[in-house]
Structure formats: C-alpha cells, structure tokens
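# Structural description and commentary
One-letter residues, chain by chain:
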Amino acid sequence: MIEILFVRHGQPVSGIRNPELAPAGIDDARRLATWLRHDEIDLIVASPYSRALQTARVIAAELSRDVDRVLEDLREWDDDISPEDYTAVEDMAADDPRLLAVSSGRYEEYVPSLDLPAFRRRARSALEEILALRDSGRIVAVAHGGIINAALADVLEMPKTFWHNPAYTSVARVRRLDSGVLVVDSVNDTAHLRGVPFDSGRDALAATGFDGELAR
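The notes below deal with the structure included here.

Rules used in this analysis
- By convention here, each chain's residues receive numbers from 1 onward along its written sequence.
- Thresholds applied to this predicted model are a pLDDT of at least 70 for local features of residues and 80 or more for the giving and counting of side-chain atom pairs; totals over whole chains, interfaces and linings are not thresholded and use all residues.
- As a convention, hydrogens and water are excluded, and side-chain values are obtained from all of the structure's heavy atoms.
- The set of buried Ala, Val, Leu, Ile, Met, Phe, Trp, Tyr and Cys residues whose side-chain atoms join them within 4.5 Å is what this entry labels a nonpolar core.
- Partly exposed describes any residue whose relative accessible area lies between the buried limit of under 20% and the exposed limit of over 50%, with all areas from a 1.4 Å probe on protein chains only and scaled to the type maximum.
- Numbering of helices and strands starts at the N terminus; helices are DSSP runs of H or I of at least 4 residues and strands are runs of E of at least 2.
- The contact definition used throughout considers only heavy atoms, calling two residues in contact when any of these lie within 4.5 Å.
- Two strands pair if DSSP finds at least two bridges between them.
- Consider the strands pointing away from the viewer: the crossover is right-handed when the path from the first strand over the helix to the second runs clockwise.
- Stacked, tilted and edge-to-face are the three classes assigned to paired rings of Phe, Tyr and Trp, where Trp is represented by its six-membered ring and a pair needs centres within 6.5 Å; plane angles under 30 degrees give stacked, over 60 edge-to-face, the rest tilted.
- Note on geometry: axes are lines fitted to C-alpha atoms, helical ones only across the stretch in contact, with angles between N-to-C directions running from 0 to 180 degrees.
- Orientation is classified from the angle alone, with under 35 degrees giving roughly parallel, over 145 giving roughly antiparallel, 65 to 115 giving roughly perpendicular, and any other angle giving oblique.
- Each residue gets one label: Ala, Val, Leu, Ile, Met, Phe, Trp, Tyr, Cys and Pro are nonpolar, Asp, Glu, Lys and Arg are charged, and the others, such as Gly, are polar.
- For any helix crossing, the convention is left-handed if the near helix is rotated counterclockwise from the far helix by under a right angle, and right-handed if that rotation is clockwise.

## Topic: the nonpolar core
- Within the largest apolar cluster, 35 residues are counted, with the highest numbers of intra-cluster contacts made by I4, F6, L74, W77, L114 and I130.
- For this core, the elements supplying multiple residues, two or more each, are strand 1 (2-8), strand 2 (43-46), helix 3 (97-103), helix 4 (116-131), strand 4 (137-143), helix 5 (145-156) and strand 5 (171-176).
- Counting residues per element, this core draws most heavily on helix 4, at seven residues.
- Look past the residues within four positions of F6 in its chain and what remains in contact with it is L74, L127, I130, A141, I148, A151, L152, S170, V171, A172 and V174.

## Quick word on the pairing of strand 2
- Burial of strand 2 is two-sided: the residues L43 and V45 facing one way and the residues I44 and A46 facing the other way are all buried.
- As paired strands, strand 2 and strand 3 (residues 69-70) are joined by two bridges and run parallel to one another. Bridging across to strand 3, V45 finds its partner in R69.
- One crossover worth recording links strand 2 to the parallel strand 3 by way of helix 2 (residues 50-62), and it is right-handed.

## Considering the packing of aromatic side chains
- Going through the model one piece at a time under the given rule, you end up with four aromatic pairs.
- Through pairs of rings, three or more aromatic residues link up here, namely W77, Y110, F119 and F162.

## Some remarks on the environment of D66
- The topology assignment puts D66 in the loop between helix 2 and strand 3.
- Taking the C-alpha atoms as reference points, D66 and I44, 22 residues apart in sequence, are found 7.6 Å from one another.
- Ignoring any residue separated from it by four or fewer positions in sequence, one finds D66 in contact with I44 and A60.

## Looking at the packing of helix 4 against helix 5
- It is at 8 Å that the axes of helix 4 and helix 5 come closest, and there the two elements cross at 80°. One finds that helix 4 runs roughly perpendicular with respect to helix 5. Where helix 4 abuts helix 5, its residues F119, R120, R122, A123, R124 and L127 lie against G146, I147, A150, A151, A153, D154 and V155.
- In terms of residue class, the contact of helix 4 with helix 5 is built from eight nonpolar, one polar and four charged.

## Comments concerning the packing of helix 1 (residues 23-36) against helix 2
- The contact between helix 1 and helix 2 brings their axes to 8 Å, and the two run at 45°. Taken together, the axes of helix 1 and helix 2 lie oblique to each other. With respect to the hand of their crossing, helix 1 and helix 2 are arranged in right-handed fashion. Where helix 1 abuts helix 2, its residues I26, A29, R30, L32, A33 and L36 lie against Q54, T55, V58, I59 and E62.
- Each residue belonging to the contact of helix 1 with helix 2 can be placed in one class, and the counts come to seven nonpolar, two polar and two charged.

## Overview of the sheet that holds strand 6 (residues 182-189)
- Sheet architecture is open: six strands sit in the order 3-2-4-1-5-6, paired in mixed fashion. A single partner strand is all that each edge strand has here, and the edge strands are strand 3 and strand 6.
- With seven bridges joining them, strand 1 and strand 4 adopt parallel strand pairing. If you follow V7 over to strand 4, its bridge partner there is V142.

## Comments concerning unusual backbone geometry
- In this model, N18 sits at a positive phi of 50°, which is unusual for a non-glycine residue.
- Examined against the element boundaries, N18 turns out to sit in the loop between strand 1 and helix 1.
- Although it is not a glycine, N188 adopts a positive phi angle of roughly 60°.
- Mapped onto the elements, N188 comes out in strand 6.

Right, here's the structure in full:
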C-alpha cells in the first residue's frame, strides 16, 4: 500500500511573484511537522514554487531529513496564465472577483482563463509520478490548492476540477490499495493547527537552511 499526504503550502507573503512563506506559514508548517512525527514518512516531495518548496523544507528540517525530490508537475497554475503577483485570499479586496468566487463556492471561476482539462491532466501526471516513486510506504507531497483539488477530483471521478478551498498546510490523504484501487481517506485536515506545541523562539528559517534563493 502507498499513502500520499497531499499538503497545501503554508501562508505566503502577498503581492509578489512566486512568494516565500510569511512567518505564520513557517509556524504552521512546523506545527504540521510536529503532528507528522507519529507517522513513518518515507519520502518528501514538493512543487518547485518557493512557497511549496520552503514548506517542504520546514517540515523536512523538523523531521531531521531532507526534501527528496522536486516534481515539476506539482506546480500551481502560475506559469499557465498571464503573469501576476500572488495575492492571498485573506488580502483581497471585498469586491475582488476571485474572493467572491471562493466565498460563494464557485471555485472554477477563480481562474477563468486556465485551461482546466490540461491542468487536470497535469494533476493526474503528478499523481502517477508520485505513485511510481515507491511500491509501498508513505509520501508527503507539498503542493498547492489548485493542483490538490485537481488530483483529488481525478481520484474521486468528479466532474469539477476545483471543488473545495484547502486551508494552508491542510492535509489530504490518498491511498493506493494492494489491489491498485485509489481511495481518498481525508480532505482538508487541519488538526495540527489546534494545540500542537512547538518552540516558537527558535529561528525557523535558520532551521530549514533556507537562504532565499528559491524565488524565480
């Protein structure tokens, strides 16, 4: 059996292209790592975008290991549409069409110019690439809200590509049974954000070895 833990990146800085994590995003990634210590993690993989790769590095550092692989197909739609700065939903104006789409559950209207069939095919490719890494075990895959939506929709055979709004550092668990069947065990789990302690006085960035060179 293989279990994939799809993790959305931590909260990033708003207003720049390919942002790094905000301090709150680093703290939440560390909380997630503390919560994952009871799991036996065999691999950690990540999207190449800074906010996901840095999240993966925070988790890996807390677990005294490294990020094992960066997978291009786990990236978000940033390079698939007209270039724009990343804006967190929390920082959007009240009349921003993207915020209105999310708040009313019209998730597929968040990025109306995106080629949804192509994006969904890439999500499937990312899922297959992760599953090919091991015959069994548990893999943490740090990615983005959109690509996680699409990957889970593929497993669940859903007509919509975007159908929920994953929280920062939330976890969705997918298993491939010995029969080859894929099942979704959980979606948007944020238990680690409630009461998980960590040493907030430690320099979290230093602990990850992050030197600011991920942005591109």
